[in-house]
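Chains, contacts and geometry: an overview
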Amino acid sequence: MSVTAGCESLAARHDANTCKQHEHPLCYPDTPFQRISTAMSEIPGDLRFMKSHEWARKEGDGTVTVGISDHAQGLLGDLVYVELPSVGDRVEAGSGCAVVESVKAASDVYSPMTGTVVRVNQALADKPETVNEDAFGEGWIFVLRPDDATEYEELLDPDAYQELVDQT
Amino acid sequence: MTLQQTPLNVRHRELGAKMVDFGGWDMPLHYGSQIDEHHIVRRAAGMFDVSHMTVVDLSGARCREFLRMLLANNVDKLKVGGKALYTCMLNERGGVIDDLIVYFLREDGFRLIVNAATRAKDLAWIRAQASAFEVGVAERSELAMVAVQGPRARAAVESLLSADGRAAAAALSRFAAVESDGLFIARTGYTGEDGYEIVVQSDRVPAFWNALLDAGVRPCGLGARDTLRLEAGMNLYGQDMDEDTSPLEANLAWTVAFDPPGRVFIGRAALEAQRAAGVARVLVGLVMDEKGVLRHGQRVLTAAGDGEILSGTFSPTLGKAIALARVPAAAATDASAQVDIRGKLVPVRLVKPVFVREGKAV
């Protein structure tokens, strides 16, 4: 996930000096990910993660459910819009396939694996705040069928992800 | 760089605020949910620590004469002690150095409240202009400021005042202030709701904040402050106007007093030239009925050419995206336009740049 728009004078250019000219609450000279620390909820042990804060969970039927981490939703703040992929879309590992928008910023959601979208969480269209309330559960974003199931093993395990979060 | 802290910094952290670096100040963005805080101000009462803003007191017999020249609005509108005026302070090119509120305290004493991020340049400019008028310019950095806003805000503040203070505050008309109980109480704000902005000694502000909490006022962060002011159609300095934008291009013509014609103020000649030639770009409001969020910097496509979004957000009150945009003047009366959102052209409606007033959609 990466912030693609917010106060663009910051998000697009990360120009602290320019931003100091702004009386804008969302304009501050570090990325939100570096600035804000937040109390973490427990990370479920059956998940794998990308450094960019997406999670993946292998289901019994070989599909993989994808969402954004609780840490990520905390950084974004109240979500107001989720742009979902379409069922049947081809997605590539590491490329953007959904967008989550909070009041503060828009962020791309990257696919953790290459494959085909088989299900999307349509409920988020009317209730995007579900991602804030239950990022690892009801706030899932889409389900994909991976081309190569072994890609899953390349993702971060919960301990490695927690370490990454603690460092930021 | 060490961030500056207001006297409420520890309290914000105790209340669970997410803190952000805001123009060099360590300020609360929200205390849990920016949207909840927004609704609290529209429906009840919320409070904001705005101690980062700069209070400047002017003194001297020639204050009024000085301000007639310094400000684009006319301080001669201020006839009664305590009355306030919103105005721009312009450069010679007619560009906005800052927007501010000027309070008439006494004939030899006026108070300015200016933005935090512009503090240094504002003070330098004001001091440079003031010397010829023998006007003293004192920054009051020992003062803190709390904005209490919402339909229940005034009653909550008044419940904490002495009988005299309560009577004085309750009697305030809009855009007026009074000094009472050691507080400077102004019936002003930046949310589109009724309420007070209260200047208080820094050492007293934590107790004052706690008393407001006990009176049922909820703490709100700068995130909600931004969505509230945008719904109310209030400009944000540095984003909706700056030194290269005139008030006429920023929907602030109403704050420029061209009458009387003989009053010479800084920037006047440039504004008159711009007015005579026709203002090329104007500020309009946008509403998007489709899902998504309008953002600063997005391109606005009109029949008369491109414009851009200055401030955009999701409006919690309307449940849809709104924005302030600067577009070619010829497009200002159009009913609709398109906005380029990540390569997709999305239709928007052009509206007057006021979206919500006193809790209701406009």
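Residues numbered from 1 in each chain as written. Chains lettered and ligands numbered in written order. Predicted model: local features only at pLDDT ≥ 70, side-chain atom pairs only at ≥ 80, totals over all residues. Heavy atoms only, no water.

A closer look at the overall build of chain A
The line we're drawing: Elements are defined by DSSP. Helices are runs of H or I of four residues or more, strands are runs of E of two residues or more, and each kind is numbered from the N terminus. Relative accessibility thresholds used throughout: buried, under 20% of the residue-type maximum; exposed, over 50%; partly exposed, between the two (1.4 Å probe, protein chains only). Any two residues whose heavy atoms approach within 4.5 Å at even a single point are treated as in contact. Per-residue accessibility takes into account occlusion by the displayed protein chains alone, with areas from the Shrake-Rupley method and a 1.4 Å probe.
Scanning chain A from N- to C-terminus turns up six helices and 10 strands. Per-residue burial for chain A yields a buried fraction of 55% across its 168 residues. Intrachain contacts of chain A at a sequence separation of at least 6 include 63% that bridge at least 24 residues. When the accessible surface of chain A is totalled, it reaches about 7000 Å², and 44% of it is carbon and sulfur.

Details of the overall build of chain B
Using the following cut-off: Only the C-alpha atoms count toward the radius of gyration. The rule for a globule is 2.2 Å times the residue count to the power 0.38. By the counting rule applied here, Lys and Arg register as positive and Asp and Glu as negative, while His and the ends of each chain are not counted. For charged residues, the charge sits on one atom: NZ in Lys, CZ in Arg, CG in Asp, CD in Glu.
Regarding its fold elements, chain B presents nine helices and 21 strands. For chain B, the C-alpha radius of gyration of 20 Å lies close to 21 Å, the compact-globule estimate for 362 residues. Counting only C-alpha atoms and orienting by the principal axes, one finds that chain B spans roughly 60 × 50 × 45 Å. Taken across its 362 residues, chain B has 60% of its residues classed as buried. Across chain B, contacts joining residues at least 24 apart in sequence account for 66% of those joining residues at least 6 apart. Charged side chains in chain B number 42 positive and 43 negative. The centres of these two groups are separated by 4 Å.

Description of the side chain of Arg64 of chain B
Residue and element names in this part refer to chain B. Operational definition: Any N or O atom pair separated by 3.5 Å or less is treated as a polar contact, with the protein-specific requirement of one donor-capable and one acceptor-capable atom, and with residues adjacent in sequence counted only for side-chain atom pairs.
Relative to the helices and strands, Arg64 is located in helix H3 (residues 63-70). Given the relative accessible area of 11%, Arg64 is considered buried. Among the polar contacts made by the side chain of Arg64, one reaches the main-chain carbonyl oxygen of Val75 at a distance of 2.9 Å. Those residues in contact with Arg64 that lie beyond four places of it in its chain are Val75, Asp76, Leu78, Phe104, Glu107 and Phe110.

Remarks on the nonpolar core
Threshold: We call a set of buried residues a nonpolar core when its members are Ala, Val, Leu, Ile, Met, Phe, Trp, Tyr or Cys and they connect through side-chain atoms within 4.5 Å of each other.
Core analysis: the biggest nonpolar cluster contains 33 residues, and Phe48, Leu90, Tyr103, Ile113, Met241 and Leu271 of chain B have the highest contact counts within it. Elements that contribute at least two residues to this core include exactly strand S5 (84-90), strand S6 (96-106), strand S9 (143-149), strand S11 (183-186) and helix H8 (222-231) of chain B.

With respect to the packing of aromatic side chains
Here is the rule we go by: In this analysis, rings of Phe, Tyr and Trp, with Trp reduced to its six-membered ring, are considered paired at centre separations within 6.5 Å, and the interplanar angle assigns stacked below 30 degrees, edge-to-face beyond 60, and tilted for intermediate values. Ring-over charges, as used throughout, are those where CZ of Arg or NZ of Lys falls within 6 Å of the ring centre and within 35 degrees of the ring normal.
Scanning the entire structure with this criterion turns up seven aromatic pairs over all chains. An aromatic cluster of three or more residues is present, and its members are Phe49, Trp55, Phe136 and Tyr161 of chain A. Over the aromatic face of Phe184 of chain B sits the side chain of Arg111 of chain B, whose NZ or CZ is 4.6 Å from the ring centroid. The ring centre of Phe48 of chain B lies 5.9 Å from the NZ or CZ of Arg225 of chain B, which sits over that ring.

Comments concerning the domain arrangement of chain B
All names here are of chain B. Heads up, the rule is: Residue ranges assigned to each domain were obtained from an automatic or database domain assignment. When two parts are put together, the accessible area they lose, computed with a 1.4 Å probe and summed over both, is reported as buried area. For this analysis, a salt bridge means a side-chain nitrogen from Lys or Arg found within 4 Å of a carboxyl oxygen belonging to Asp or Glu.
Under the domain assignment used here, chain B contains domain 1 (1-227) and domain 2 (280-361). Taken together, the nine residues of domain 1 in the interface contact eight residues of domain 2. Summed over both sides, the interface of domain 1 with domain 2 buries roughly 700 Å², with 54% coming from carbon and sulfur. Summed over the shared surface of domain 1 and domain 2, the result is one salt bridge. With a closest N to O distance of 3.2 Å, Arg174 and Glu358 form a salt bridge.

Topic: the pattern of salt bridges
Under the counting rule described, the total for this entry stands at 37 salt bridges over all chains. Between Glu129 of chain A and Lys127 of chain A there is a salt bridge, with its nearest N and O atoms 3.6 Å apart. Between Asp244 of chain B and Arg93 of chain B there is a salt bridge, and its shortest N-O distance comes to 3.1 Å. Note that Asp244 of chain B is positioned in the loop between H8 and helix H9 (268-277) and Arg93 of chain B in the loop between S5 and S6, a separation of 151 residues in sequence. The pair formed by Asp244 of chain B and Arg93 of chain B is uniform in burial state, with each residue classed as exposed.

Here we look at the sheet that holds strand S16 (residues 305-315) of chain B
Residue and element names in this part refer to chain B. What counts here: Paired strands, in this sense, are two strands between which DSSP finds at least two bridges. Note on method: axes are straight lines fitted to C-alpha atoms, helices fitted across the in-contact stretch only, with angles between N-to-C directions ranging 0 to 180 degrees.
Read once around its circumference, the closed barrel built from six strands follows the order S14-S17-S16-S15-S18-S19, with strand pairing classed as antiparallel. Strand-to-strand twist across the sheet, computed as the mean angle between neighbouring axes with direction ignored, equals 40°. Alignment of S16 against strand S17 (residues 320-328), held across seven bridges, turns out to be antiparallel. By the bridge assignment for S17, Ile309 is matched with Ala325. Against the sheet, H8 engages S16 and S17, with an angle of about 125° to S16.

Details of the sheet that holds strand S3 (residues 46-49) of chain B
All names here are of chain B. In space, the six strands of this open sheet follow the order S10-S11-S12-S9-S3-S13, with mixed pairing throughout. The open sheet terminates on both sides in strands that have one partner only, identified here as strand S10 (177-180) and strand S13 (218-219). As paired strands, S3 and S9 are joined by four bridges and run antiparallel to one another. Of the residues in S9, the one forming a bridge with Gly46 is Gln149. Against the sheet, helix H7 (residues 205-214) makes contact with S3, S9, S11, strand S12 (195-201) and S13, and its axis sits at roughly 15° relative to S9, the strand it touches most.

Details of unusual backbone geometry
Residue and element names in this part refer to chain B. The step from Asp259 to Pro260 runs through a cis peptide bond, and the omega angle for that step is -5°. Of note, Pro260 is situated in the loop between H8 and H9. Here Arg342, not a glycine, exhibits a phi torsion of approximately 50°, which is positive.

Quick look at the pairing of S3 of chain B
Residues and elements named next belong to chain B. Burial along S3 is two-sided: the residues Gly46 and Phe48 and Met47 and Asp49 are all buried. Here S3 runs beside S13; their pairing, made up of two bridges, is parallel. Following the sheet pairing, Gly46 is matched in S13 by Arg218.

Topic: a negative patch on the surface
Put simply, the test is: Like-charged residues are merged into a patch within 9 Å and nonpolar side chains (Val, Leu, Ile, Met, Phe, Trp, Tyr) within 5 Å, provided each residue has over 30% relative accessible area and no salt bridge.
A contiguous patch of negative charge on the surface is contributed by Asp157, Asp159, Glu163 and Asp166 of chain A. Locating Glu163 of chain A in the fold gives a position in helix H6 (residues 158-167).

Quick word on the pairing of strand S18 (residues 336-341) of chain B
Residue and element names in this part refer to chain B. In S18, alternate side chains face the same way, and those of Ala337, Val339 and Ile341 are buried while those of Ser336, Gln338 and Asp340 on the opposite face are not. Of the strand pairs in this sheet, strand S15 (residues 299-302) and S18 are connected by two bridges, and their pairing is antiparallel. From the neighbouring strand, Val300 faces S18, where its bridge partner is Val339. With six bridges connecting them, S18 and strand S19 (residues 344-351) associate as antiparallel partners. Paired with Ala337 across the bridge in S19 is Val348. Connecting the antiparallel pair S18 and S19 is a turn made up of two residues, with Arg342 showing a positive phi of about 50°.

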